[in-house]
Structure formats: C-alpha cells, structure tokens
Amino acid sequence: MISPVKEVAIAILYRENKFLLQLRDNIHTIIHPGCWALFGGHLETGETPESALIREIQEEIDYQITDFHKFICHQEGNIIRHVYYAPLKVEIKQLTLKEGWDFTLAPPETILQGQCYSKIAKQMRFFAPFHRQILLDFYQIHFPLIKA
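Conventions and cut-offs
Residues numbered from 1 in each chain as written. Predicted model: local features only at pLDDT ≥ 70, side-chain atom pairs only at ≥ 80, totals over all residues. Heavy atoms only, no water. Core = buried A, V, L, I, M, F, W, Y, C linked by side-chain atoms within 4.5 Å. Buried < 20%, exposed > 50% of the residue type's maximum accessible area, 1.4 Å probe, protein only. Helix = DSSP H or I, 4+ residues; strand = E, 2+ residues; numbered from the N terminus. Contact = heavy atoms within 4.5 Å. Pairing = 2+ DSSP bridges. Expected span 1.5 Å × (residues − 1). Lys, Arg positive; Asp, Glu negative; His and termini not counted. Salt bridge = Lys/Arg side-chain N within 4 Å of Asp/Glu carboxyl O. Polar contact = N/O pair within 3.5 Å; in protein donor to acceptor, adjacent residues only side chain to side chain. Phe/Tyr/Trp six-rings, centres within 6.5 Å; stacked < 30°, edge-to-face > 60°. Lys NZ or Arg CZ within 6 Å of the ring centre and 35° of its normal.

Asks: Before we go on, may I ask you to explain the nonpolar core in this structure?
Replies: Burial of nonpolar side chains together is a common tendency in soluble globular proteins. If you look at the biggest cluster of nonpolar residues, it comprises 22 residues, and the most contacted ones within it are I12, I134 and L135. Those elements that provide at least two residues to this core are strand 1 (6-15), strand 2 (18-23), strand 6 (79-87) and helix 3 (129-142). In contact with I134, not counting residues within four places along its chain, are I10, I12, L38, F71 and V83. I57, Y84, L88 and F103 belong to the second largest nonpolar core, which has 17 residues in total.

So, in structure tokens, the structure goes:
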C-alpha cells in the first residue's frame, strides 16, 4: 500500500548571520524528538505552502513572517518539503515559543558542528539531519564567505 503524500512548509529565519532553530519536544512519537530543527509544519487540506508557512510560524512563535522567498522544494519518499527563507525582523526575546522545547539563534559554526547547546535541556543536542543539510546548503549559496 502506497502512503499518501505529506507536504510541509519550513522556514529558514535568519538574523545577524544566525539561524533561528527550534528544539523539538523530546517525545518519542514525533519525528526527530529532542533534535534541533527549523520551524514549520504540515499543510492542511486545501492549503498552499505559503499559507501553511504563515500559519505555522504564527502558531509556533507568534511571529508574522513577511518578505519570504522560496529556497527549495524537495521530495523524499512520500514527503514534500517546501523550504522558504526570510529575515527575522525582531529580536528573539520578542518571540513566544508555543511549540517545541527550546529555541535559539545559532551561528553557522554550530550548524557545521552538528549540535547546539540548549539552556532548557542543559545539554548539547543534535540537529535533525535533513534540517541541518538544508541550512548547510542555504549557507553555502547565500553566505559563501564561510565554506562548510
């Protein structure tokens, strides 16, 4: 039996050469539990990727994303990931984390290392593999002065 296609909209939000990351809840029933990832989520029935992106970012961090652009659309198996990027126009302290365990602004060096410290978890946590690769690819294209 073929699984239905699932679509997600993901945001690369950046500020002062750092990337906004979400530490996913440490619940074993979700994908990439306890790992750093980008914000975003599943498209609802009849929703466009752009509408889903706006809704998900509002729901997850109470932020109205604007001036976003498509980075890539990637299909792997039955999952289609629509990835967008936009500047984060407010300081992180102005955001309200509504989904996830922690969030941070991480520099490219942290992404290269593959893990980031969480003040809430009080330990280093790994990146979700695909989300890390998205950030590495994005950084090489848009910030070519530092090589991955």
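Still more ground to cover, so stick around.
Asks: Could you clarify how one ought to interpret the pairing of strand 7 (residues 102-106) in this entry?
Replies: Across a regular strand the side chains alternate sides, sitting on one face of the sheet and then on the other. For strand 7, the tally of buried residues reaches four of five residues, placing the bulk of the element in the interior. Pairing of strand 2 with strand 7, which is carried by five bridges, proceeds in the antiparallel orientation. Across the sheet, the residue bridging to L20 is L105, located in strand 7.

Asks: Help me understand helix 1 (residues 49-61), please; the structure alone is not making it clear to me.
Replies: Every α-helix winds through 3.6 residues per turn, so residues three or four apart in the chain are directed the same way. Taking 1.5 Å of rise per residue, the 13 residues of helix 1 would be expected to cover 18 Å, and the 18 Å separating its terminal C-alpha atoms lies within 8% of that figure. Burial in helix 1 covers these residues: P49, A52, L53, R55, E56, I57, E60 and I61. Buried positions along helix 1 lie against strand 1, strand 2, strand 4 (39-42), strand 6 and strand 7. Phi turns positive, to about 55 degrees, at D62, one or two residues after helix 1.

Asks: What is the right way to read the side chain of R125 from this model?
Replies: Here R125 is to be found in strand 9 (residues 123-126). Of the side chains with opposite charge, D102 lies nearest to the buried R125, which makes no salt bridge, at 9.1 Å. Engagement of the side chain of R125 in a polar contact is seen with the backbone oxygen of G34, the distance being 3.3 Å. Within the local environment of R125, its side chain forms a polar contact with the side chain of Q123, the two groups lying 2.7 Å apart. Once residues within four sequence positions are removed from consideration, R125 is found in contact with L23, N26, G34, W36, W101, G114, Q115 and C116.

Asks: I keep staring at helix 3 and nothing clicks. Help me out?
Replies: The end-to-end C-alpha distance of helix 3 is 20 Å, a good match for the 20 Å that 14 residues give at a rise of 1.5 Å each. For helix 3, every residue scored as buried is listed here: F130, H131, I134, L135, L136, F138 and Y139.

Asks: Looking at this model, I keep getting lost on the pattern of salt bridges. Mind explaining?
Replies: Close approach of charged atoms lets side chains of opposite charge pair. According to the stated counting rule, one finds eight salt bridges in the structure shown. A salt bridge links R55 to E56; its shortest N-O distance comes to 3.0 Å. D62 serves as the salt-bridge partner of K98, at 3.9 Å between the closest nitrogen and oxygen. Of this pair, K98 sits in the loop between strand 6 and strand 7 while D62 sits in the loop between helix 1 and strand 5 (69-76), placing them 36 residues apart in sequence.

Asks: What is the right way to read the side chain of E56 from this model?
Replies: Inspection of the secondary structure assignment puts E56 in helix 1. Apart from the residues lying within four places of it in its own chain, the contact partners of E56 are G40, G41 and H42.

Asks: Would you mind going over the packing of aromatic side chains with me for this structure?
Replies: Two aromatic rings are characterised by how far apart their centres lie and by the angle between their planes. All told, the structure shown has six aromatic pairs when counted by the stated rule. Centroid distance F19 to F138: 6.1 Å. Interplanar angle 80 degrees. Geometry classified as edge-to-face. One end of the pair, F19, is in strand 2; the other, F138, is in helix 3, with 119 residues separating them in the sequence. The class for F19 is buried, based on a relative accessible area of 1%. A ring pair is formed by F71 and F138, whose centres lie 5.2 Å apart and whose planes are at 85 degrees; its orientation type is edge-to-face. In this pair, F71 sits in strand 5 while F138 sits in helix 3, placing the two residues 67 residues apart along the sequence. Taken together, the ring pairs in this structure connect Y14, F19, F71, Y85, F138 and Y139 into an aromatic cluster. Over the aromatic face of F130 sits the side chain of R81, whose NZ or CZ is 4.1 Å from the ring centroid.

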